[in-house]
Amino acid sequence: MSKDIRIKKGLDIKLVGEAEKTTENAIISNSFTVRPEDFHSITPKLVAKEGTKVKAGEPLFFNKDNEAMKFVSPASGEVTEVLRGERRRIMAIKVTADKAQSYVDHGRFDLNSDADALKAHLLASGCWAFIKQRPYDVVANPSNTPKAIFISGYASAPLAADLDFTLAGKEAELQTAVTALSKLTEGGVHISVGKGTNSPLANLDNASIYMVSGPHPSGNVGTLINKVSPVNKGEVVWTVNAQDLVIIGELLLTGKFNAERTIALAGSSVKKPRYFKTKIGAEVSTMIYDNGVDKDGNDRIISGNVLSGKEVKPDGILDYYSNVITVIPEGDDYEFFGWNKPVFNKISPSRALTFSWLTPNKKYDLNTNTNGEHRAFVVTGNYEQVFPLDIYPLQILKACMYKDLDEMEALGMYEVAPEDFALTEFICVSKQPHQKIIREGLDLMLKEIG
Amino acid sequence: MGLKQKLHNFKVKNQDKKWLPGFNALFTFLYMPNETTHNGTHIKAADDLKRTMNTVIMALVPCLIFGMFNAGYQHYLAQGLIESADGFLGASFWTWDNLVIGLWKVLPLVIVSYGVGLAVEFIFAIIKGHEVEEGYLVTGMLVPLIVPVDIPLWMLSVAVVFGVVIGKEVFGGTGMNILNPALTIRAFLFFAYPTWMSGDKVWVHGANAATGTPDAYSGETILGSLAQNNGTLGHDIWDMFWGIIPGSVGETSKFLIIIGALFLIFTKIGSWRIIVSTLIGALTMGLIFNGVVSAEWISESSKFYGLMNVPFWQHLIIGSILFGAVYMATDPVTAAQTNKGKWIYGFLIGFISIMIRVFNPAYPEGVFLAILLMNVFAPTIDHYVIQGNVKRRLKRVKVKAA
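Definitions and limits used
Think of each chain on its own: its residues are numbered from 1, step by step along the sequence as written. Each chain takes a letter, starting from A, and each ligand takes a number, starting from 1, following the order in which they are written. Reporting in this predicted model follows two pLDDT cut-offs: at least 70 for local features of residues, and 80 or more for side-chain atom pairs to be given and counted; totals over whole chains, interfaces and linings ignore these cut-offs and use all residues. UniProt positions are given in the numbering used here, feature names are shortened, and annotations may be inferred rather than shown by experiment. The secondary structure listing takes helices from DSSP runs of H or I that are at least 4 residues long and strands from runs of E that are at least 2 residues long, numbered from the N terminus. Each radius of gyration reported is based on C-alpha atoms, and the globular scaling rule is 2.2 Å times the count of residues to the power 0.38. Remark: C-beta atoms are placed from the backbone, and a residue is labelled buried if 20 or more other C-beta atoms sit within 10 Å of its own, exposed if 12 or fewer do, or partly exposed between those counts. Distance between backbone-placed C-beta atoms decides contact: two residues are in contact if it is within 7 Å. Amino acid classes used here: Ala, Val, Leu, Ile, Met, Phe, Trp, Tyr, Cys and Pro are nonpolar; Asp, Glu, Lys and Arg are charged; the rest, including Gly, are polar. Here the rule is simple: two strands pair whenever DSSP picks up at least two bridges between them. Inter-axis angles, ranging from 0 to 180 degrees, are taken between N-to-C directions of lines fitted to C-alpha atoms, where helices are fitted over the stretch in contact. Convention used here: angles under 35 degrees read as roughly parallel, angles over 145 as roughly antiparallel, angles from 65 to 115 as roughly perpendicular, and any remaining angle as oblique. A domain assignment, automatic or from a database, supplies the domain bounds used here.

Going by what an unreviewed UniProt entry lists, chain B is known as Na(+)-translocating NADH-quinone reductase subunit B and is assigned to Winogradskyella haliclonae. What UniProt records for chain B under Subcellular location (unreviewed entry) is the sentence "Cell membrane".

If you look chain A up in an unreviewed UniProt entry, it shows as Na(+)-translocating NADH-quinone reductase subunit A from Winogradskyella haliclonae. UniProt annotates chain A under Catalytic activity (unreviewed entry) with the comment "a ubiquinone + n Na(+)(in) + NADH + H(+) = a ubiquinol + n Na(+)(out) + NAD(+)". For the record of chain A, the UniProt heading Function (unreviewed entry) holds the text "NQR complex catalyzes the reduction of ubiquinone-1 to ubiquinol by two successive reactions, coupled with the transport of Na(+) ions from the cytoplasm to the periplasm. NqrA to NqrE are probably involved in the second step, the conversion of ubisemiquinone to ubiquinol."

Colleague: It is not clear to me how the overall build of chain A should be interpreted in this structure. Could you clarify?
Modeller: Tallying secondary structure elements over chain A gives 10 helices and 21 strands in all. For chain A, the C-alpha radius of gyration of 21 Å lies close to 22 Å, the compact-globule estimate for 450 residues. When each of the 450 residues of chain A is scored for burial, the buried share is 56%. Of the contacts formed within chain A by residues at least 6 apart in sequence, a portion of 70% connects residues at least 24 apart.

Colleague: What am I meant to see in the interface of chain A and chain B here?
Modeller: At the junction of the two partners, chain A supplies 61 residues and chain B supplies 50 residues. For the side of chain A that touches chain B, the elements supplying multiple residues, two or more each, are strand 18 (299-303), strand 19 (310-312), strand 21 (335-336), helix 7 (393-401), helix 8 (405-411), helix 9 (422-427) and helix 10 (434-448) of chain A. Residue composition of the side of chain A that touches chain B, by class: 26 nonpolar, 19 polar and 16 charged. Of the strand pairs in this sheet, strand 21 of chain A and strand 1 (residues 31-32) of chain B are connected by two bridges, and their pairing is antiparallel. Along strand 1 of chain B, the bridge assignment pairs Phe 336 of chain A with Tyr 31 of chain B.

Colleague: Help me out: how do you make sense of helix 5 (residues 135-145) of chain B in this one?
Modeller: An α-helix turns once per 3.6 residues; consequently, residues spaced three or four apart project the same way. Residues and elements named next belong to chain B. Of all 11 residues in helix 5, 11 are buried, a share of seventy percent or more. All of the buried residues in helix 5 are Gly 135, Tyr 136, Leu 137, Val 138, Thr 139, Gly 140, Met 141, Leu 142, Val 143, Pro 144 and Leu 145. Contact partners of the buried residues in helix 5: helix 3 (49-78), helix 4 (96-128), helix 6 (153-167), helix 7 (181-192) and helix 14 (321-328).

Colleague: Just checking my understanding: could you explain the UniProt feature "transmembrane region" (unreviewed entry) in chain B for this structure?
Modeller: Taken from the UniProt record, the annotation "transmembrane region" (unreviewed entry) applies to residues 52-70, 106-127, 142-166, 240-265, 272-292, 312-330, 342-360 and 366-386 of chain B. From the first C-alpha to the last, residues 240-265 of chain B spans 23 Å; its make-up is 58% helix and 0% strand.

Colleague: I keep staring at the packing of helix 2 (residues 20-30) of chain B against helix 4 of chain B and nothing clicks. Help me out?
Modeller: Between two packed helices, the angle of one axis relative to the other and the distance separating the axes together describe the packing. All names here are of chain B. At a minimum axis distance of 8 Å, the contact between helix 2 and helix 4 shows a crossing angle of 130 degrees. Here helix 2 is positioned oblique relative to helix 4, judged by the angle of their axes. Between helix 2 and helix 4, the contacting residues are Pro 21, Gly 22 and Ala 25 on the first element and Phe 122, Ala 125 and Ile 126 on the second. Among the residues forming the contact of helix 2 with helix 4, the class breakdown is five nonpolar, one polar and no charged.

Colleague: Hey, could you run me through the UniProt feature "domain: NqrA second alpha/beta" (unreviewed entry) in chain A in this one?
Modeller: Taking the numbering used here, the UniProt-annotated feature "domain: NqrA second alpha/beta" (unreviewed entry) corresponds to residues 114-257 of chain A. Within residues 114-257 of chain A, the helical portion is 33% and the strand portion 19%, while the C-alpha atoms at the span's ends are 21 Å from each other.

Colleague: How should the domain arrangement of chain B be read in this particular structure?
Modeller: How big an interface is tends to be reported as the loss of accessible area on association of its parts. All names here are of chain B. When its domains are assigned, chain B resolves into domain 1 (16-36 + 45-269) and domain 2 (271-390). Distance from the C-alpha centre of domain 1 to the C-alpha centre of domain 2: 21 Å. Listed as interface residues are 30 residues of domain 1 and, on the opposing side, 28 residues of domain 2. At the level of elements, helix 7, helix 9 (222-227), helix 10 (237-242) and helix 11 (254-266) are the ones that each hand at least two residues to the side of domain 1 that touches domain 2.

Colleague: When you look at the domain arrangement of chain A in this model, what are you seeing that I'm missing?
Modeller: All names here are of chain A. Partitioning chain A into structural domains gives domain 1 (3-12 + 110-254), domain 2 (22-27 + 260-329), domain 3 (31-97) and domain 4 (370-448). Its C-alpha centre places domain 1 at a distance of 24 Å from the equivalent point of domain 2. Contact residues are listed per partner, giving 10 residues for domain 1 and 15 residues for domain 2. Looking at the side of domain 1 that touches domain 2 residue by residue, the class counts come to seven nonpolar, three polar and no charged.

Colleague: I would appreciate a short explanation of the sheet that holds strand 10 (residues 131-134) of chain A in the present structure.
Modeller: Residue and element names in this part refer to chain A. The strand order across the open sheet built from seven strands is 1-14-13-12-15-10-11, with neighbouring strands paired in mixed fashion. A single partner strand is all that each edge strand has here, and the edge strands are strand 1 (3-6) and strand 11 (138-139). Here strand 13 (residues 189-194) runs beside strand 14 (residues 208-213); their pairing, made up of five bridges, is parallel. Considered in strand 14, the bridge of His 190 is made with Ser 208. Helix 4 (residues 221-228) rests against strand 1, strand 10, strand 12 (148-152), strand 13, strand 14 and strand 15 (237-241) of the sheet, and its axis sits at about 135 degrees to strand 12.

Here it is in structure tokens:
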């Protein structure tokens with residue numbers, strides 16, 4: 001019962017440094033860190049104080065607004081540091097890992113239980129964090145019943161980890177998780193897979209499968225939602241990342257919260273881009289230096305993909321939702337007459353003495369230079385070329401900037417997440433921070449409308 | 001230590017100075033800045049506003065150069081000193097003498113336009129503490145092309161100051177303005193100094209000065225002549241197409257404007273929707289007037305007859321409608337911003353331009369007025385286009401509820 005979704009608007013950004021399909025075990029990280037900021041809008045209430053011994057899957061903190069919602073440690077060990085920021089806000093909780101890992105045993109979950117039991121189980125075991133909701137793109141509110149649940153099984157972002165590769169062999173976990181999730185909604189679970197790929201998600205039961213094709217953002221879950229069943233006012237949909245289904249599935253099958261994940265190390269600064277088996281919250285330094293980047297190189301390390309990921313320092317960590325670490329060169333240098341000379345080595349959606357249109361299959365080595373300064377919005381009509389949703393991107397961005405809640409709502413703010421605006425931000429001539437504008441707009445709506 | 005490093009150190013050393021945006025404008029002109037992305041997308045496409053504006057300027061340069069030659073050519077031709085050129089490559093057109101007159105008359109216009117305009121931009125950038133924005137790079141190039149060649153430089157300066165301050169800076173600078181600044185400047189000149197901006201003495205260099213002397217000659221435009229039912233002054237269609245006719249500095253050569261338009265469309269900088277729909281609008285109105293004439297609703301004695309009787313397609317090569325459609329109407333800030341809105345916006349510009357052209361007895365060119373009028377209505381057009389999207393969204397909810 002698969003259906004086709006084909007999008008035309010978009011842009012495939014082809015970059016140097018795609019990960020080779022071989023998996024290595026990463027050096028075991030000394031410490032694992034959980035950063036509450038990964039869970040947007042959640043106010044953490046600390047459970048595990050400094051010095052506490054925790055097992056893998058034991059709560060570190062819970063949601064202040066909903067005590068049942070636990071956020072757990074990805075590894076067993078001792079909480080050695082709780083980093084606080086302004087007004088004692090918790091920035092990071094660092095767990096120094098034990099040599100031998102021990103897990104909290106929740107026991108095998110009976111899949112015939114009702115939805116409430118399942119919710120309670122996911123909340124208590126820390127797996128709830130993987131379920132996000134729209135509107136607002138935040139961790140889902142368990143008191144809602146979503147219209148439907150959406151999962152993207154196709155990663156179209158530049159240098160993204162190939163989900164067909166990282167999820168191979170995990171069919172049992174994926175099926176268990178999907179079956180369980182299908183109990184939480186009446187609208188069913190909708191999964192997109194790349195057309196013509198051999199996805200382990202393609203043959204799952206209890207889900208509607210969609211074959212997507214076309215340029216990025218065809219693999220974004222936001223595109224899937226917009227094409228299948230856009231979020232209307234008063235409705236809620238949930239989304240789960242495909243790689244997190246494995247963790248949910250394993251929890252339900254074995255009772256263990258196993259934060260293990262196959263991630264891609266990619267980017268043009270990496271000598272040998274490849275896949276690693278590691279855990280959520282692991283230090284990126286355990287992966288990036290072996291056959292990777294130069295120790296004293298001037299590089300940008302990103303937890304996530306180049307469009308929506310977070311910048312991390314070499315002592316930083318893999319964040320809770322990412323399955324790729326990208327390293328690209330920093331671009332903090334001036335370029336002589338960079339604004340008017342012909343450009344062959346950068347991607348451009350226009351042809352204004354930029355020649356990327358001549359070589360659509362060339363892979364580029366882009367750096368982090370903004371290629372120009374921040375300006376007011378001037379050019380119009382270009383965002384629409386890369387934005388497949390039925391929304392006016394420029395107008396919704398402006399509505400967010402002048403904080404008109406009615407207009408934001410009318411233009412479709414309930415349907416979007418920041419990552420949907422990654423491509424418009426990439427091509428923006430005025431170098432405006434679109435994802436930040438949308439995030440702030442969503443935060444404002446969450447605060448004012450809830 | 002290279003120049004790059006020296007400039008960088010200078011910038012860092014003076015980073016809290018008020019005048020730094022002024023320095024930065026020059027620095028970023030020389031070097032693309034070292035700014036890097038923060039969270040958000042970590043990579044960015046190659047285009048920035050400078051590159052976009054620069055592309056438009058490149059599309060304008062052929063018109064400017066042609067305008068220089070044409071200034072000299074019209075000057076000598078009116079005095080009867082040279083033969084009229086036959087076609088675009090005519091021997092008496094591309095001559096050194098013509099260019100010298102052009103350089104003497106047109107280059108000062110360019111220099112004053114840029115000098116005064118950028119000075120205003122720099123002052124505002126420093127007062128407001130933001131970077132100097134690039135919008136004026138195109139405006140400054142457009143202005144010399146849409147004024148008569150003999151306009152006094154002080155008049156141009158006053159107009160530029162007015163246009164940039166009232167047309168743009170009071171709204172918050174590039175990207176915020178409602179009216180096209182170049183056309184605001186043109187409109188100011190027209191309404192403040194009408195005798196300088198119309199009539200039959202201003203379009204050819206020296207025509208005004210020669211008035212009353214035995215060597216007096218006229219420099220009338222074809223449009224002005226048609227408006228008085230005097231025909232096309234002996235210029236044929238090809239003269240108009242190639243542009244070897246009197247007119248504002250840069251708008252006469254339809255051939256070069258079409259080349260510029262193709263370049264803008266190819267580079268995806270200019271909106272083909274606006275250009276095409278403006279031309280469609282103009283042709284539609286031209287057809288309607290042709291229909292009026294052939295239905296014999298007006299007689300040959302009517303003062304509108306001359307222009308109404310122009311075959312509809314010739315409206316595109318008379319006057320400055322093509323220049324307006326390609327370089328003025330497409331200004332993304334003041335045009336409609338939605339794709340559907342651009343069709344409506346362009347169509348109405350073309351439609352109203354020809355209407356004003358035919359019905360306005362005092363000043364037969366209506367393009368700048370039509371564009372300014374539609375600038376004002378562009379947000380309204382967008383509003384209704386966007387409402388379509390909003391309604392679709394609301395309908396989705398209703399279908400659900402039903």
